[in-house]
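Chain residues, written in single-letter form:
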Amino acid sequence: MCGIIGINSNKQVTASIINSLKKLEYRGYDSAGLATLSNGSINEIKTEGRVDKLEKSLLSQNIEGSIGIGHVRWATHGIPNSLNAHPHSSNNVSVVHNGIIENSTILKKFLIGKGHVFKSQTDTEVIVHLITEHLKTDSYVDAITKTLKSLHGSFALGILFKDEPDLIVGARRGSPLAVGYGPSENYLGSDSYALKSMTNKITYLNDGEFCFIKKDYVEFYNEEGIKINKKVLELSTDEKNYDKGEFKHFMAKEIEEQPLTVKNGIKEYIDSHNNDINIHNFPWKIEEISSITLIGCGTAYHSCLMAKYWFEELTSMEVNIDIASEFRYRKNRFKKDNLYVFVSQSGETADTYAALDLCNKNEMKTCAVVNVIESSIARDSKFILPIHCGTEIGVASTKAFLGQILILYIFALKIGVMKKDLDIKKFSEKLVELKKLPELIKETLLIDNKVQTIAGTFNEAKGSMYLGRGYSYPIALEGALKLKELSYIHAEGYPAGEMKHGPLALIEEGMPVVVLAPRDSYYKKTISNMQEVIARGAKVLLITNKSEDEVTSENIWETIEVESTNEDLLPFLLTIPLQKLAYYSALKKGFDIDKPRNLAKSVTVE
Ligand code: AGP
């Protein structure tokens, strides 16, 4: 939810810190700040709002230094303003923090009792004064070790010391943190994306570990303060300079990338030569697995719901799904023969990671469906199914959603064949259809103009409904979420068959309602539900697939037809107009499309 950067160099660092903070803004953008060391003192500057504002205020201040830390904030404690922005500093220590310190109130009382004066409303500031307090009697290693042990909750920290001009300390528990290695300089960052423009040599800290970053080398310690060795990974440099290209927004680019990302996903898993699916290094015998539980948040949860329909159709397994923030506190009945699948684009979502941690503690079979393979959820799962979508920057997930459901569909096909629930002939037919999907997505993306004109109507409404049945129901939920998070209009995804049990009362003259009714086995029933809302004055946007048969209904406000394919794959195509509808609605409203208000790309706090 926040972004951290630290640079220890033999040259000036302020500009590089600003550049990295701009890359980190997708993690949070309420406020920003940085601190450097120069001439034996900590120079701190912080502003409310975006990094651009911080950059402007730097012009009027001469913040020098060859060592510094920076931070972009998504507020958890204390309103977003310059006072609560990070870094938080005393005379001797400056700290940037991502996470939540759950015992900050008690610690603050203790420290005030010791004479420490607090300036902000944040939980983070207790870390500054705790370290300062311990440094009165302890070495740096002991002061850090003792401070970290007294903190309850989650943190990724970057710490500067007035008296140590060649030291940045990084520490991690529950929030991601990485070290990067450059030529006579080294880095600390929330994730590899922040560091990729400077290096592709990365080390990830695990929970409980901390590090001392010097210009020429880095030392790692475990939570007891004992030195440890850590691997240096070389990340693929093909995404080194990921940028918007000719697109106005990352989201627009990521929507248009979907034919390619789906093609890459298919290439990764489908063995065309043997007409099979390769799930490499699957660590269990299929007989050991009789049921599956899929867990995620937000869009990733919609992927889980979509997968439930496919697993039920293609396998004989019992399939459960859960929202991670519910699962982690539920009185779960853990079963050894159940496979727990964690779906997460970032691989750092705190609730999903906590659910995984709970399953690991109960020694369950765990599998991660992730986009960031260096992420915590990937590292701590027993098996990974990467979605291979490349970096997704837009806070509203698009290509990663299609990537998630693609890999889950492929996984369901494979499990179906492994359990002999899906016969080989049907399996082969489905693979043939699946390989056509990238082209069908490309065709469907051409509906652009029609969606642009329709989007304005949604902007005038006080709310809308998205209805679907069966395979279309998860897509209705996902489409509604897109509209909510981009245009700030209330939109509710609902099972079409449920409207008459209450929500029909919401329908009034001119209310826009999206009805997903492809010619699948639910078509006739959904069309009847559509007529129920039209009869009450709704303006229905019908999203169906191309077909010779006419749609059997009048007074449909607008119709969008996606390409046709087999029933399993229609959800991929139905998603496209809904992504574009949300995009154009937000564009017409002039909202920040890649960084919608109040949100962040990776929710690393609960
Ligand atoms: C999706 O558009 C949202 N940005 C959000 O719901 C997101 O899907 C959710 O926070 C889960 O993130 P993850 O996939 O990185 O775990």
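Look up a bit, the structure's there.
In this text, all values refer to a predicted model and were calculated from it rather than measured experimentally. (Residues numbered from 1 in each chain as written. Predicted model: local features only at pLDDT ≥ 70, side-chain atom pairs only at ≥ 80, totals over all residues. Heavy atoms only, no water.)

(A) Examining the overall build of the chain more closely. If you tally the helices and strands in the chain, you get 18 helices and 27 strands. The C-alpha atoms of the chain give 25 Å as radius of gyration, which agrees with the globular expectation for 606 residues (25 Å, within 12%). Each principal axis of the C-alpha atoms in the chain carries an extent, and together these give about 80 × 55 × 45 Å. Per-residue burial for the chain yields a buried fraction of 62% across its 606 residues. Considering only residue pairs separated by 6 or more positions, the chain has 71% of its internal contacts joining residues 24 or more positions apart. Total accessible area on the chain is roughly 23,500 Å²; 50% of this is exposed by carbon and sulfur atoms. Looking at charge distribution, the chain has the averaged site of its 72 positive side-chain charges lying 2 Å from that of its 78 negative ones. (Helix = DSSP H or I, 4+ residues; strand = E, 2+ residues; numbered from the N terminus. Rg over C-alpha atoms; globule rule 2.2 N^0.38 Å. Buried < 20%, exposed > 50% of the residue type's maximum accessible area, 1.4 Å probe, protein only. Contact = heavy atoms within 4.5 Å. Areas by Shrake-Rupley, 256 points an atom, 1.4 Å probe, with all protein chains shown as cover. Lys, Arg positive; Asp, Glu negative; His and termini not counted. Charge placed at Lys NZ, Arg CZ, Asp CG, Glu CD.)

(B) Main features of the site of the ligand. Around the ligand, 16 residues are found, and the nearest of them are Ser 344, Gln 345, Ser 346, Thr 349 and Glu 485. Within the side chain of Ser 346, one N or O atom sits 2.7 Å away from an oxygen atom of the ligand. If the ligand stood free it would expose 410 Å²; the protein chains cover 91% of that surface. Broken down by secondary-structure element, the contributors of at least two residues to the shell around the ligand are helix H9 (298–314) and helix H16 (472–487). Looking at side-chain class alone, the shell around the ligand contains six nonpolar, eight polar and two charged residues. (Near = heavy atom within 4 Å. Polar contact = N/O pair within 3.5 Å; in protein donor to acceptor, adjacent residues only side chain to side chain. Nonpolar A, V, L, I, M, F, W, Y, C, P; charged D, E, K, R; others polar.)

(C) Main features of the packing of helix H15 (residues 448–460) against helix H18 (residues 570–589). Contact geometry of H15 with H18 gives a least axis separation of 8 Å together with a crossing angle of 60°. Between H15 and H18, the angle is such that the two are oblique. In the packing of H15 onto H18, the handedness of the crossing is right-handed. Between H15 and H18, the contacting residues are Asp 448, Val 451, Gln 452, Ile 454, Ala 455, Gly 456, Phe 458 and Asn 459 on the first element and Pro 577, Lys 580, Leu 581, Tyr 584, Ser 585, Lys 588 and Lys 589 on the second. The class makeup of the residues in the contact of H15 with H18 is seven nonpolar, four polar and four charged. (Axes fitted to C-alpha atoms, helices over the stretch in contact; angles between N-to-C directions. Parallel < 35°, antiparallel > 145°, perpendicular 65-115°, else oblique. Left-handed = near helix turned anticlockwise from the far one by under 90°.)

(D) Main features of the nonpolar core. Val 341, Phe 411, Leu 434 and Tyr 466 are the most contacted members of the largest nonpolar core, which has 93 residues in total. If one sorts the elements of this core by residue count, helix H13 (residues 399–418) sits on top with 14 residues. Non-local contacts of Tyr 466, meaning those with residues more than four positions away in its chain, are made with Phe 458, Ala 476, Gly 479, Ala 480, Leu 483, Ala 491, Glu 492, Gly 493, Tyr 494, Val 514, Leu 578 and Leu 581. (Core = buried A, V, L, I, M, F, W, Y, C linked by side-chain atoms within 4.5 Å.)

(E) Region of interest: the sheet that holds strand S20 (residues 338–344). A sheet is described by the order of its strands in space; here five strands give the open sequence S19-S18-S20-S21-S22, paired in parallel fashion. Edge strands, defined here as strands with exactly one partner in the open sheet, are strand S19 (318–323) and strand S22 (383–386). Direction aside, the axes of adjacent strands within the sheet are offset by 20° on average. Pairing geometry for strand S21 (residues 365–370) and S22, over four bridges, is parallel. In the strand pairing of S22, Val 369 is matched with Leu 385. Seen against the sheet, H13 touches strand S18 (291–296), S20, S21 and S22 and runs at an angle of roughly 160° to S20. (Pairing = 2+ DSSP bridges.)

(F) The arrangement of unusual backbone geometry in detail. In the segment running from His 86 into Pro 87, the intervening peptide bond is cis, with an omega of 10°. Topologically, Pro 87 is positioned in the loop between strand S4 (67–73) and strand S5 (88–89). Backbone geometry at Ser 184 places phi at a positive 50°, although glycine is not the residue there. Checked against the element boundaries, Ser 184 lands in the loop between strand S9 (178–182) and strand S10 (185–189). Even without glycine at this site, His 388 takes up a positive phi of about 55°.

(G) Summary view of the side chain of Glu 133. Looking at the element boundaries, Glu 133 is found in helix H4 (residues 125–134). By relative accessible area, Glu 133 is classed as buried at 14%. A distance of 2.8 Å separates polar atoms of two side chains, one belonging to Glu 133 and the other to Lys 136. Discounting residues that sit within four places of it in the chain, Glu 133 has contacts with Leu 111, Lys 114 and His 116.

(H) Focus on the environment of Glu 439. By secondary structure assignment, the location of Glu 439 is in helix H14 (residues 424–444). Classification of Glu 439 as partly exposed rests on a relative accessible area of 43%. A C-alpha to C-alpha distance of 8.9 Å links Glu 439 and Lys 263, two positions 176 residues apart in sequence.

(I) Region of the structure containing the pairing of strand S25 (residues 512–516). Most of S25 is tucked away, with five of its five residues classed as buried. Burial along S25 is two-sided: Pro 512, Val 514 and Leu 516 facing one way and Val 513 and Val 515 facing the other are all buried.

(J) Up close: a negative patch on the surface. Residues Glu 548, Asp 549, Glu 550 and Glu 561 make up a contiguous surface patch of negative charge. Accessibility expressed as a relative area gives 34% for Glu 561, which makes it partly exposed. (Patch = residues over 30% accessible without salt bridge, like charges linked within 9 Å, V, L, I, M, F, W, Y side chains within 5 Å. Salt bridge = Lys/Arg side-chain N within 4 Å of Asp/Glu carboxyl O.)

(K) Looking closely at the sheet that holds strand S24 (residues 490–495). Across the sheet, five strands lie side by side as S24-S23-S25-S26-S27; this open sheet has parallel pairing. The sheet is open, and its two borders are formed by S24 and strand S27 (558–562), each paired with just one other strand. Each adjacent strand pair in this sheet contributes to an overall mean axis angle of 20°, direction not counted. Pairing analysis gives three bridges linking strand S23 (residues 463–468) to S25, with the strands arranged parallel. Note that in S25 the partner of Met 465 across the bridge is Val 513. Against the sheet, H15 touches S23, S25, strand S26 (539–545) and S27, its axis set at about 140° to S27.

(L) Region of the structure containing the pattern of salt bridges. With the rule as written, the count across this model stands at 33 salt bridges. Among the salt bridges present, the one from Asp 207 reaches Arg 172, with a minimum N-O distance of 2.5 Å. In this pair, Asp 207 is assigned in the loop between strand S11 (201–204) and strand S12 (210–213) and Arg 172 in strand S8 (residues 168–173), connecting sequence segments 35 residues apart. Here the salt bridges share partners, and the residues they tie into one network are Lys 22, Asp 52 and Glu 55.

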